[in-house]
Amino acid sequence: PYTVRPELLTALQEWATGEGLPSTIDVAESPAEVELVATGSGPFGEMFARRGIRWAIPGVSPVSYLDTCRAFGPNVLAVHCVHTSEEDIAILK
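The rules we used
Residues numbered from 1 in each chain as written. Predicted model: local features only at pLDDT ≥ 70, side-chain atom pairs only at ≥ 80, totals over all residues. Heavy atoms only, no water. Helix = DSSP H or I, 4+ residues; strand = E, 2+ residues; numbered from the N terminus. Rg over C-alpha atoms; globule rule 2.2 N^0.38 Å. Buried < 20%, exposed > 50% of the residue type's maximum accessible area, 1.4 Å probe, protein only. Contact = heavy atoms within 4.5 Å. Expected span 1.5 Å × (residues − 1). Arc of directions from axis to C-beta. Core = buried A, V, L, I, M, F, W, Y, C linked by side-chain atoms within 4.5 Å. Polar contact = N/O pair within 3.5 Å; in protein donor to acceptor, adjacent residues only side chain to side chain. 1 Å grid on protein atoms, 1.4 Å probe; cavity = no way out; pocket = protein on both sides within 12 Å on 5 of 7 lines; lining within 4 Å. Points joined across faces, edges and corners; volume = space filled by probe spheres on them.

J.: When you look at the overall build of the protein chain in this model, what are you seeing that I'm missing?
T.: Across its full length, the protein chain carries 5 helices and 2 strands. The order of helices and strands in the protein chain, counted from the N terminus, is α-β-α-α-α-β-α. Taking 93 residues into account, the globule formula puts the C-alpha radius of gyration at 12 Å, and the protein chain, at 13 Å, falls close to it. Structurally, the protein chain occupies a C-alpha span of about 40 × 30 × 20 Å along its principal axes. In the protein chain, which comprises 93 residues, the proportion classed as buried is 33%. A sequence separation of at least 24 residues applies to 66% of the contacts in the protein chain between residues at least 6 apart.

Set out below in structure tokens:
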């Protein structure tokens with residue numbers, strides 16, 4: 001969720017769905033990812049700052065963020081998902 005623009009996440013899912021293709025996406029795989037998406041801080045936030053990368057902080061969990069980007073669908077396998085909340089699990093269902 002932090003290496004692909006939201007618009008591209010949406011477009012990729014729409015394309016894969018239209019083509020009937022399965023896809024996978026890594027999500028909620030590390031505390032650093034959760035911290036970046038939720039607050040913009042942590043190791044990834046520091047790396048982005050050093051490199052001058054602007055990051056619009058979603059302020060939610062990685063799963064919730066990807067859901068708002070419409071990155072999930074019936075043909076998507078979300079992998080890792082080891083740092084999730086009950087709400088995240090409900091979204092993934």
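J.: Looking at this model, I keep getting lost on helix H1 (residues 6-19). Mind explaining?
T.: Within an α-helix, residues lying three or four positions from one another point in the same direction, as the helix has 3.6 residues per turn. Counted at 1.5 Å a residue, the expected span for H1 with its 14 residues is 20 Å, and the 20 Å between its end C-alpha atoms agrees. Taken together, the buried positions of H1 are Leu9, Thr10, Gln13 and Ala16. End-on view of H1: buried residues confined to an arc of 135°, all on one side of the axis. Relative to its buried face, H1 has exposed residues pointing more than 90 degrees away, namely Glu7, Trp15, Gly18 and Glu19. Downstream of H1 by one or two residues, glycine 20 has phi in the positive range, about 70°.

J.: Explanation requested: the nonpolar core in the structure shown.
T.: General note: in soluble globular proteins, nonpolar side chains tend to be found buried as a group. Core analysis: the largest hydrophobic core is formed by 13 residues, its most contacted members being Leu9, Ile25, Val27, Tyr65, Leu66 and Phe72. For this core, the secondary structure elements donating two or more residues are strand E1 (23-27) and helix H4 (62-68). Residue contributions to this core peak at 3 residues, all from H4. Beyond its immediate stretch of four places on either side in the chain, leucine 9 contacts Val4, Ile25, Tyr65, Leu66, Cys69 and Ala71.

J.: I keep staring at the side chain of serine 61 and nothing clicks. Help me out?
T.: Of note, serine 61 is situated in the loop between helix H3 (42-51) and H4. At 3.0 Å, the side chain of serine 61 forms a polar contact with the backbone nitrogen of serine 64. Not counting chain neighbours up to four residues away, the residues in contact with serine 61 comprise Val37 and Asp88.

J.: So what exactly am I meant to see when it comes to the layout of surface pockets here?
T.: Which parts of space are left empty comes out when a probe the size of a water molecule is rolled across the atoms. If you add up the space inside the largest pocket, you get close to 280 Å³. For the largest pocket, the lining is made up of 17 residues, of which Val4, Leu9, Leu12, Thr24 and Ile25 are closest to its centre. At the level of elements, H1 and E1 are the ones that each hand at least two residues to the lining of the largest pocket. Counting residues per element, the lining of the largest pocket draws most heavily on H1, which supplies 5 residues.

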